[in-house]
Structure formats: structure tokens, C-alpha cells
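One-letter residues, chain by chain:
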Amino acid sequence: MGTYESRPELPQRAIWRSLTALIVLFALLACLIPIGFVTWHAWQSRTAALERGFSEAEDLVLALSQHAARTFAEPGLILQDAIEHVQSDGSGPAAVQRLHGILVNHVKASRVIRELGILDEQGYWRVSSLQQLPTHSNSDREYFIYHRDNTDERLRINTPLLSRLTGKWTILLTRRINDADGGFAGIALASIGAEYFQTFYNTLNIGALGHVALYRDDARLLVRRPFVAEHLLSDRSQAFFEATQREPSGRFHGPSVYDGIMRLAAWRTLEDFPLIMTVSRAEADVLAGWRGSAQIDIGVAVAASCVILLLGGLSVVLLRRRIQADSAAAEAGRQYVMIAETATDVIVRLSPEGRRLYVSPASRDVLGYEPDELLRSNLQDIVHPDDL
């Protein structure tokens, strides 16, 4: 047999499977890295966006609470002054005419108050800021009955009602008037149109689904953006108001009782009035910017993963072709050796450097040398000097 200097042949199928598995594992790990990072970053960004939404809602609810307090403070002081005039000046024609002028001037100077008036103990109008004194009685109104039956002289902010004078939704501020003996002598009232708050709240940039609402501390709604008349007459937020009784301010994250939309809400109890201001934004609006950024990040991560998988697949294809080429070369080598082993001529395979790599068995008969001897010896050792 001839001698062929070669590398030991490894099992090609085992090599193919091992390398393919390594490439696939590397590609999967390389895909998971950007996907994992984007997922973590998206979650952190979402948390930050929600926190910004809450902070903005808390800042806005503070500003609106101050606005509501200023709005109600003005008519509260005016009513107190009007009651003092009634109690000190009496109800004579001159006193009534003088008080009418005072009330008219207050309404003209105010951007908030729509009407001012004094009702007697029967609910009839005694004095009004209107040019013509109304003739109907308001004794059937809930606010009149409350003051008649309760000795509380503090300012009362009543739930909205449809005014008999204007036909519009109106928030009434009322105070009880006592006579010299402490008995009930009527009430002083100031009306604020619900549209005053509504117009202002509609200017706020809180998104199309954003809500602003002002409640009494007994969960009765005074005004709300967007305006829905049915909500003024109902109470569907008792669970929420149980939380407001425990803390003067706070946050709420959950579905709205009005429309079921997931919302971020902040509330604050006013210091000087039994009122609660709330601001809520739809979670979808708060996360709109984050969602767009996250979609871009996810798109980039998916594209990078696709590129990695494509490169991994290409590597597998190239590796397979390389192994197939090596197998073909090995097979060609085996066929070459088989031919060389049976040939009667001496066949020698040389490297590019001239080193003998293979000598066929015919060297024994033709040259008298064993193939191994020819592989180990130099050309000068076996060739006559004259033949060199």
C-alpha cells in the first residue's frame, strides 16, 4: 500500500450538527438581547410616562382648586355683606332700594355672579339684582327647605339646578338669614352659571377623553367636563369618595364609573370649602407618546433580530456548503488513492513547496524504494548526481 500524508477525517455529519446548533444558539441569544433590552426600556418608559401623567394631573388639580376657591369666596363675602345690610337696615322701601343698588353693582363688577337676591321666610323675592323683581316663590326648592329647617348660617354650595329665571343649569350659593330672635327670616343667594366653569374647563389641554369635575364632599357633582346633564342628578362614585374621605389629596388609577375608560386621576379637597376637585386623563392619551416611541423601538429590535437570524441562516448555508465541499474533496482523494494504489507507474503528489505528500506502491517495483522511504528522504538522496 502507498503512503498518503493527510489529516485524520472527522465525522462530517457530527461536525455539521454541532456547528449548526452553535450557530442557531448564538443567533437566538443575539436576538434575545435587543428584544429583552427594548422590553425593559419600554416598561421603564411606560412607568415614567404614567408618573408624568399623574404629576401633571396633580399640578392641574391644585391650580383648579385654587380657582374654585377664589370663585366661591367672592359671592360668599357678598352674601355676608347683604345679610348684614338686611339685619341692620330693615325691610323698608328705602332700605330695599339701597340694597338693590348694592346688589346690582356687585353683579356688574363680577365676572362670576349672574344674580344676587334675598328671599323672605316664605320664599318670595324681597330684593334682587334683576331689574324686575321675580314674583314666584322658591319655598319648594331643596336649598330653601334646608336653611328653613337648619340653623346653620354658613355658606352652602348647592347642587346644580335648572333656574326658573334663565332655564340654565345654575349653582346657587346660599346663606340663612336670622331675625333678632334667631328665627328663620329668609335666605340670601347668589347664582353662578354652570357654563362659567364649563367654558373654562373646556380650554384645558387634557386630551379629548380628559375629565375635570368639581364635587361636594358628599359625592354630589357640581360641574364636569364633558357636560352630561344626567350626571348632575346622580351619584355613581361612592367608592371613589370613600378614598377622598381618608386623604385630602391622592391618586386613582382605574376604570371610570361614567364611561369605563381606564384613567389616571388626581383629587384634592379644598381647604376653605367642602368641595373636591378632580382631574383625570385617559390612560390611552397619557401613553400616546410612549406608545409611538415604543413601536419604533420594537420595530428596530425586530429588524435587528431579523438581520441576525438572516445572518445565522446564511452562516448555516455556507457552513453546509463548506462541509459538502470538504466531503467531496475527501471522496475525490479516496478515489485518487484507489487509482494510485493500483497503477503500475510511480505516482507522486507534491505540495506547492515541493514536499512529497504521496508516493504510490509502484515505487517498490520501479525504483526499489518503499513509499515511506521516499516520503522521508530528499531528492538528492535517491537521484544520481549526474541526473540532477
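Residues numbered from 1 in each chain as written. Predicted model: local features only at pLDDT ≥ 70, side-chain atom pairs only at ≥ 80, totals over all residues. Heavy atoms only, no water.

A. Spotlight on unusual backbone geometry. Residue Pro226 follows Arg225 across a cis peptide bond; omega there is 0 degrees. By the element assignment, Pro226 lies in the loop between strand S9 (221–225) and helix H5 (229–232). Positive phi, normally seen in glycine, also occurs at Ala219, with a value near 75 degrees. If you trace the backbone, Ala219 turns up in the loop between strand S8 (211–216) and S9. (Helix = DSSP H or I, 4+ residues; strand = E, 2+ residues; numbered from the N terminus.)

B. Spatial organisation of the packing of aromatic side chains. Overall, the coordinates contain seven aromatic pairs when judged by the stated rule. Ring geometry for Phe72 and Phe273: centres 6.1 Å apart, planes at 55 degrees, overall tilted. Separated by 201 residues along the polypeptide, Phe72 in helix H1 (residues 12–89) and Phe273 in the loop between strand S11 (262–269) and strand S12 (275–282) bring together distant segments of the chain. Of the two residues, Phe72 and Phe273, neither departs from the other in class, the shared state being buried. (Phe/Tyr/Trp six-rings, centres within 6.5 Å; stacked < 30°, edge-to-face > 60°. Buried < 20%, exposed > 50% of the residue type's maximum accessible area, 1.4 Å probe, protein only.)

C. How the structure looks around the confidence of the model for the protein chain. Per-residue pLDDT for the protein chain has a mean of 83; in total, 88% of the residues score no lower than 70. Across the protein chain, element-level confidence peaks in strand S4 (residues 156–157) with a mean pLDDT of 96 and bottoms out in strand S1 (residues 3–4) with 48. Low pLDDT, under 50, characterises residues 4–9; the predicted model gives this stretch seven contacts beyond four residues in sequence or across chains. (pLDDT = per-residue confidence, 0-100. Contact = heavy atoms within 4.5 Å.)

D. Region of interest: the sheet that holds S12. Overall, antiparallel pairing links the five strands, which are arranged S9-S8-S12-S11-S10 in an open sheet. Of all strands in the sheet, those bounded by a partner on one side alone are S9 and strand S10 (249–255). Going from strand to strand, the sheet's axes swing by 15 degrees on average, the running direction of each strand aside. Both S11 and S12 contribute to a ladder of seven bridges, which runs antiparallel. Its bridge partner lying in S12, Ala266 is registered against Val279. (Pairing = 2+ DSSP bridges. Axes fitted to C-alpha atoms, helices over the stretch in contact; angles between N-to-C directions.)

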